[in-house]
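Per-entry structural report
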Amino acid sequence: MLKEFNFKKFGHLELKELSQSGNEFGPFHDHIKMLFLPKGSELKVDFQEFYLKSDSLLFLNPKVIIQALNDDVQGGNLIFFNRDFYCIEMHDQEVACDGILYNNVFEVPFVELTSEQSSDIQNVLQEIKAEMSNQDSNTEEMLRILLKMIILKATRIWKKVHRFTDQDQDADVQFLRKFSQLVEHHFKTHHSVSEYADMLFITPKNLSKKIKLLSKESPNNIIKNRIIHESKRLLVHTTLTVKEIAYQLNYDDVAYFIRFFSKSTGYSPTAFRKKF
């Protein structure tokens, strides 16, 4: 089901309605997505496979490639919308999820749910489904409110799981969110830790200390991993040459980019493209 309000698009589908084509999420490639996935779901997110041991929410930026690996799990839901309907970055003050649920460079943003939390989320999803049948002037704003409700609940759960619930830890959460946002927005042009430290008005050493609050990876590895991840996407899902990909990621020395990619993945860019 899809609602359009001028250029604003918002849609809801039960996953069982999707054809099991191997590219069932293809029509939603350019949309921001939120999935409710029941326990036992198996799926691939870009190049990683996941088996879910509990009901979960998954938040995905446009262009992230996802594929269901099993079709025998019932009860999943897909919410999809464009930036005109709700821009995560523009409305960040409302929900504070940018860098946590979306644009998260630390991890694939799954939010695992308890049975009580799952029931709560499913109730909101049912409200969304019911609202999709309405045609009055309040429908657009009601859908936006229900979307924000799920995002707010998921952000709260994420903070609890990562032990950032105390009010005096809010500064740490905001810092980590800011670093994540900066990497996501600048990884193609800024490759060094010192550049991000400068943008955050902090020394590289102190940046490393703060990142340890959430990740075992160093800031340097997080930046490099994001570059490699984008390289993989471009190799597999576009027809760009290795040279064009290197230039797009701000590597003037193509030979250096090839060595960097090969050392990080164990494959040359050409071999990786052939394999996947």
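Let me sum up the structure you'll find in this document. (Residues numbered from 1 in each chain as written. Predicted model: local features only at pLDDT ≥ 70, side-chain atom pairs only at ≥ 80, totals over all residues. Heavy atoms only, no water.)

1. Thoughts on the nonpolar core
To keep things clear, this is the line we draw: In this text, buried Ala, Val, Leu, Ile, Met, Phe, Trp, Tyr and Cys residues form a nonpolar core when linked through side-chain atoms within 4.5 Å. For each residue, the accessible area found with a 1.4 Å probe, counting protein chains only, is set against the maximum for its type, and the residue is called buried under 20%, exposed over 50%, and partly exposed in between. Here, residues are in contact when the closest pair of their heavy atoms is within 4.5 Å.
Phe81 and Leu207 are the most contacted members of the largest nonpolar core, which totals 65 residues. Look past the residues within four positions of phenylalanine 81 in its chain and what remains in contact with it is Lys9, Phe10, His31, Ile32, Tyr86, Ile88, Tyr102 and Leu147.

2. Thoughts on a nonpolar patch on the surface
So the rule is basically this: Any residue with relative accessible area above 30% and no salt bridge may belong to a patch, with like charges joined within 9 Å and the nonpolar Val, Leu, Ile, Met, Phe, Trp and Tyr side chains within 5 Å. The method behind every accessible area is Shrake-Rupley, applied with a 1.4 Å probe, and residues are considered shielded solely by the protein chains displayed. Salt bridge, as applied in this entry: a Lys or Arg side-chain nitrogen positioned within 4 Å of an Asp or Glu carboxyl oxygen. The secondary structure listing takes helices from DSSP runs of H or I that are at least 4 residues long and strands from runs of E that are at least 2 residues long, numbered from the N terminus.
Side chains of Met142, Ile145 and Met149 sit close together on the surface and give an oily, nonpolar patch of about 210 Å² of accessible area. With respect to the secondary-structure elements, methionine 149 resides in helix H3 (residues 139-161).

3. Looking at the packing of helix H4 (residues 170-186) against helix H6 (residues 204-211)
Quick reminder of the rule: Interaxial angles span 0 to 180 degrees and are taken between N-to-C directions of axes, which are lines fitted to C-alpha atoms, for helices over the stretch in contact. If an angle is under 35 degrees, it is roughly parallel; if it is over 145, roughly antiparallel; if it lies from 65 to 115, roughly perpendicular; otherwise it is oblique. Whether a crossing is left-handed or right-handed is set by the direction in which the near helix is turned from the far one by less than a right angle, anticlockwise for left-handed and clockwise for right-handed. Each residue is assigned to one class: nonpolar for Ala, Val, Leu, Ile, Met, Phe, Trp, Tyr, Cys and Pro, charged for Asp, Glu, Lys and Arg, and polar for all the others, Gly among them.
Between H4 and H6, the shortest axis-to-axis distance is 10 Å and the interhelical angle comes to 110 degrees. With respect to H6, the axis of H4 lies roughly perpendicular. As for how H4 packs across H6, the hand of that crossing is left-handed. Contacts from Asp172, Phe175, Leu176 and Phe179 of H4 reach H6 at Leu207, Lys210 and Ile211. Here the contact of H4 with H6 is built from residues that sort into five nonpolar, no polar and two charged.

4. Focus on the pattern of salt bridges
Counted by the stated rule, this structure contains 15 salt bridges. Between lysine 153 and aspartate 120 there is a salt bridge, with its nearest N and O atoms 2.8 Å apart. On the criterion of sequence distance, the pair formed by lysine 153 in helix H3 and aspartate 120 in helix H2 (residues 115-131) is long-range, its members being 33 residues apart. The partner of lysine 210 in a salt bridge is aspartate 172, and the shortest N-O contact between them spans 3.6 Å. Linking lysine 210 in helix H6 with aspartate 172 in helix H4, this pair joins segments that are 38 residues apart in sequence. When salt bridges with common partners are traced through the structure, they connect Asp46, Glu184, Arg226, Glu230 and Arg233 into a single cluster.

5. Regarding helix H9 (residues 254-265)
Going by this rule: The span you would expect from a helix comes to 1.5 Å times its residue count less one. Summarising the geometry, the arc corresponds to the directions from the helix axis toward the C-beta atoms. Any pair of nitrogen or oxygen atoms within 3.5 Å is treated as a polar contact; in protein, a donor-acceptor pairing is required on top of that, and neighbouring residues in sequence qualify only through side-chain atoms on both sides.
Between its first and last C-alpha atoms H9 spans 16 Å; for twelve residues at 1.5 Å apiece the expected length is 16 Å, and the two agree. Residues Val254, Phe257, Phe260, Phe261 and Thr265 constitute the buried set of H9. Burial along H9 is one-sided: seen end-on, the buried residues are contained in an arc of 120 degrees. Residues of H9 that are exposed and point more than 90 degrees away from the buried face comprise Arg259 and Lys263. Summarising the contacts, the buried residues of H9 are in contact with helix H7 (219-237), helix H8 (242-248) and helix H10 (269-275). For H9, the N-terminal capping position is held by aspartate 253, with its side-chain oxygen 3.1 Å away from the main-chain nitrogen of alanine 255.

6. Some remarks on unusual backbone geometry
The backbone of asparagine 103 sits at a positive phi, close to 60 degrees, despite the residue not being glycine. Among the secondary structure elements, asparagine 103 is positioned in the loop between helix H1 (92-95) and strand E9 (110-112). Residue classification places asparagine 103 among the buried residues on the basis of a relative accessible area of 7%. Of note, arginine 163 is a non-glycine position whose phi angle comes to about 60 degrees, a positive value. Looking at the element boundaries, arginine 163 is found in the loop between H3 and H4. Overall, arginine 163 belongs to the exposed group, its relative accessible area being 69%.

7. Let's talk about the packing of aromatic side chains
By convention here, two paired aromatic rings are described through the distance between centres and the angle between planes. Put simply, the rule is: Think of it this way: a Phe, Tyr or Trp ring, Trp meaning its six-membered ring, pairs with another when their centres are within 6.5 Å, and the plane angle makes it stacked under 30 degrees, edge-to-face over 60, tilted otherwise. For a lysine, the NZ atom is tested; for an arginine, the CZ atom; a charge sits over a ring if that atom is within 6 Å of the ring centre and within 35 degrees of the ring normal.
Under the definition given, this model contains 18 aromatic pairs. For the ring pair phenylalanine 106 and phenylalanine 179, a centre distance of 6.1 Å and an interplane angle of 40 degrees mean the geometry is tilted. Taken together, the positions of phenylalanine 106 in the loop between H1 and E9 and phenylalanine 179 in helix H4 put the pair 73 residues apart, joining distant regions of the chain. The residues phenylalanine 106 and phenylalanine 179 share a single accessibility class, namely buried. Ring centres of tryptophan 158 and phenylalanine 164 lie 6.2 Å apart, and the angle between their planes is 15 degrees; this geometry places the pair in the stacked category. With respect to burial, tryptophan 158 and phenylalanine 164 carry one shared label: buried. Arginine 144 extends its terminal NZ or CZ atom over the ring of phenylalanine 85, reaching a point 4.6 Å from the ring centre. The cationic tip of lysine 275 hangs over the ring face of phenylalanine 276; the distance from NZ or CZ to the ring centre is 5.7 Å.

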